[in-house]
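One-letter residues, chain by chain:
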Amino acid sequence: MSTCKKCLVTSSRPEADFDSRGLCRLCRDYESGKRGGASPELVAWGRKDFSATVEGISGKRACDALVCLSGGKDSTWLASLLRGEYDLKLVGFYVDTGFQPAFSRANLDRAADRLGIPLEVFSWPDDFSRRFYRYFFTRPLASGLTGTVCRVCQLAIISAALGHARRRGIPLVLIGYSPYQSGGDWFYELKPEVFASAWRAMGDFWSDPAIPPGLRGRFYLPGGPGGETPPRVLMPLHVLDYP
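Note that this is a predicted model, so its numbers are computed, not measured. Counting from 1, residues in each chain are numbered in the order their sequence is written. Residues qualify for local features only when their pLDDT is at least 70, as the model is predicted, and side-chain atom pairs are given and counted only at 80 or more; totals for whole chains, interfaces and linings, by contrast, use all residues. The basis for every side-chain value is the complete set of heavy atoms in the structure, and neither hydrogens nor water enter the calculation.

Q: Teacher, can you tell me more about the nonpolar core here?
A: Nonpolar side chains tend to gather and get buried jointly when the protein is soluble and globular. Residues L66, W124, F128, F132, V173, W206 and F219 are the most contacted members of the largest nonpolar core, which totals 41 residues. Labels follow the DSSP assignment, with helices taken as runs of H or I lasting at least four residues and strands as runs of E lasting at least two, numbered in each case from the N terminus. Looking at this core, the elements with two or more residues in it are β1 (65–68), β2 (90–96), α5 (126–138), α6 (149–168) and α7 (192–200). No other element matches α6, which puts 9 residues into this core. Whether two residues are in contact is decided by their heavy atoms, any of which lying within 4.5 Å being enough. What W206 contacts, discounting residues up to four positions off in sequence, is F128, F132, A156, W199, I211, R216, F219 and L221. We call a set of buried residues a nonpolar core when its members are Ala, Val, Leu, Ile, Met, Phe, Trp, Tyr or Cys and they connect through side-chain atoms within 4.5 Å of each other. Type-normalised accessible area, obtained with a 1.4 Å probe on protein chains alone, sets the label of each residue: buried when under 20%, exposed when over 50%, and partly exposed for intermediate values.

As C-alpha cells, this is what we get:
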C-alpha cells in the first residue's frame, strides 16, 4: 500500500492516483487552486480565544465538548489534538446519512477507540434520507444551495450536532474543517445568527408533517420553540497549527 508524501492518504482510496512525486490527486488539486488563509492578526485572535474557551470549560462537566467525526484525516487530527494537547473530555458525534463509504466508518471506529473517545452515532432513517435529498435536488433555491447539496447536508449535520450537544448539556461543538475549508462568516466560529441565516435558505423542508416530531427533535432548528441559545460552534483548525 502506498501513502501520499504530503497528506498520508493511502492507495486504498479510489481517488488517490499518485503522481511521480508521490503526491495524491487531492494534494495536486490543492496545489493548483491554493487559497490564501486568514490574516495573521485574525489567526492570533482565534488562538487566544480558543485557549480561553478551553480554559473556561475544561473540567466543569462530565463532557467538555462534542467533536464531529467523519473518519477523515481533518476531524481525526482535531480529535487527537484536543485529547493530547488540550486534555479535553470529548464525546465523538457521527451522522450516518447512508451515503458514507464503508472505509470511513472503519477509520472512525478505529480512531475513536485509539483516542479513547466515546462515539455516539445518529443514523438517518432511510425514508428521511430519501425525502431530504429529493427535496433539495428538486427545488431550486435562490441562494444556490441546491447546486452544492453538500451545503444543505452540512447544515443538517451541524444542526444534529447542536441538538445532540444541547440534550447532553455540552457547551461546545467542534468541527474539523481544515484551514482552507470555509471562510468569511464561517471562519473559526459559526455564530448563531450566521447559522440561522443559512438555515432560512433551506425553505420549508422542516415543516413537512411527514417528518416525525421525534426525528425533527433530534435537530436544532433556529427560531424554534424555546429560543434557547445553542452551544458554541468552533472550527479550531482555522487557527491552530495543522501539518
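Q: Please clarify how the pattern of salt bridges should be interpreted in this entry.
A: Where side chains of opposite charge bring their charged atoms close, a pairing between them can arise. Whenever Lys or Arg places a side-chain nitrogen within 4 Å of a carboxyl oxygen from Asp or Glu, that contact is recorded as a salt bridge. Applying the stated criterion across every chain yields a total of 10 salt bridges. The salt bridge partner of R47 is D241, with a shortest N-O separation of 2.6 Å. Of the two residues, R47 sits in helix α2 (residues 40–57) while D241 sits in the segment after β5 (232–234), which places them 194 residues apart along the sequence. When its relative accessible area of 55% is taken as the criterion, D241 is described as exposed. Taken together, the shared-partner salt bridges connect D49, E189, K191 and R232 into one network.

Q: Mind showing me how you'd approach the state of the cysteines here?
A: What is meant by a disulfide is a covalent connection between two cysteines, made through their sulfur atoms. When two cysteine sulfur atoms lie within 2.5 Å, the pair is treated as a disulfide. By the definition in use, this model includes 0 disulfides. A disulfide-free cysteine, C63 has its sulfur positioned 12 Å from the sulfur of C68, the nearest such atom.

Q: Any chance you could explain empty space enclosed by the protein here in plain terms?
A: Regions of empty space are outlined by a rolling probe, equal in size to a water molecule, passed over the atoms. A pocket here means an open set of points on a 1 Å grid, computed over the protein atoms alone, that has protein on both sides within 12 Å along at least five of seven lines. A cavity is instead a set of points where a 1.4 Å probe fits but cannot get out; residues with an atom within 4 Å of a point line either one. Grid points are joined across faces, edges and corners, and a volume is the space filled by probe spheres set on the points. Counted by the stated rule, this structure contains 1 cavity of 30 Å³ or more. Of the voids in this model, the largest cavity is the one considered here, and its volume is about 30 Å³. Contributions of two or more residues to the lining of the largest cavity are made by α3 (73–84) and α4 (102–115). A per-class count over the lining of the largest cavity returns 5 nonpolar, 4 polar and no charged. Three classes are used, and their members are as follows: Ala, Val, Leu, Ile, Met, Phe, Trp, Tyr, Cys and Pro are nonpolar, Asp, Glu, Lys and Arg are charged, and the others, Gly among them, are polar.

Q: Hey, could you run me through the packing of aromatic side chains in this one?
A: The relative placement of two aromatic rings is captured by the distance of their centres and the angle of their planes. Geometry of aromatic contacts follows a simple scheme: Phe, Tyr and Trp rings, the Trp one being its six-membered ring, pair when their centres are within 6.5 Å, and the pair is stacked under 30 degrees between planes, edge-to-face over 60, tilted otherwise. Tallied over the entire structure, the rule returns 24 aromatic pairs. Measuring from ring centre to ring centre gives 6.2 Å for W124 and Y133, while their planes differ by 40°; the resulting arrangement is tilted. Y133 carries the same exposure label as W124, and that label is buried. To sit over a ring, a charge needs its Lys NZ or Arg CZ within 6 Å of the ring centre and within 35 degrees of the ring normal. The residue whose ring lies beneath R218 is F122, and the NZ or CZ to ring-centre distance is 4.1 Å.

Q: Is there a simple way to think about the side chain of S178 in this case?
A: Along the chain, the position of S178 falls in the loop between β4 (172–174) and α7. With relative accessibility at 16%, the residue S178 sits in the buried group. Apart from the residues lying within four places of it in its own chain, the contact partners of S178 are D74, L237, H238 and Y242.

Q: Even after reading the chapter, I still don't get the sheet that holds β5, so can you show me in this structure?
A: In a beta sheet, neighbouring strands pair by backbone hydrogen bonds and run either parallel or antiparallel. In short, DSSP must find at least two bridges between two strands for them to pair. Pairing in this open sheet of 5 strands is parallel, and the strands run β3-β2-β1-β4-β5 from one edge to the other. Whereas interior strands pair on both sides, the edge strands pair on one side only; in this sheet they are β3 (119–123) and β5. Along the sheet, successive strands turn relative to each other by an average axial angle of 25°, direction set aside. As defined by bridge partners, β1 adjoins β2 across 4 bridges and the pair is classed as parallel. The partner of V67 across the bridge, within β2, is G92. Lines fitted to C-alpha atoms define the axes, with helix axes restricted to the stretch in contact, and inter-axis angles between N-to-C directions lie between 0 and 180 degrees. With respect to the sheet, α4 is in contact with β2 and β3, its orientation differing from that of β3 by roughly 155°.

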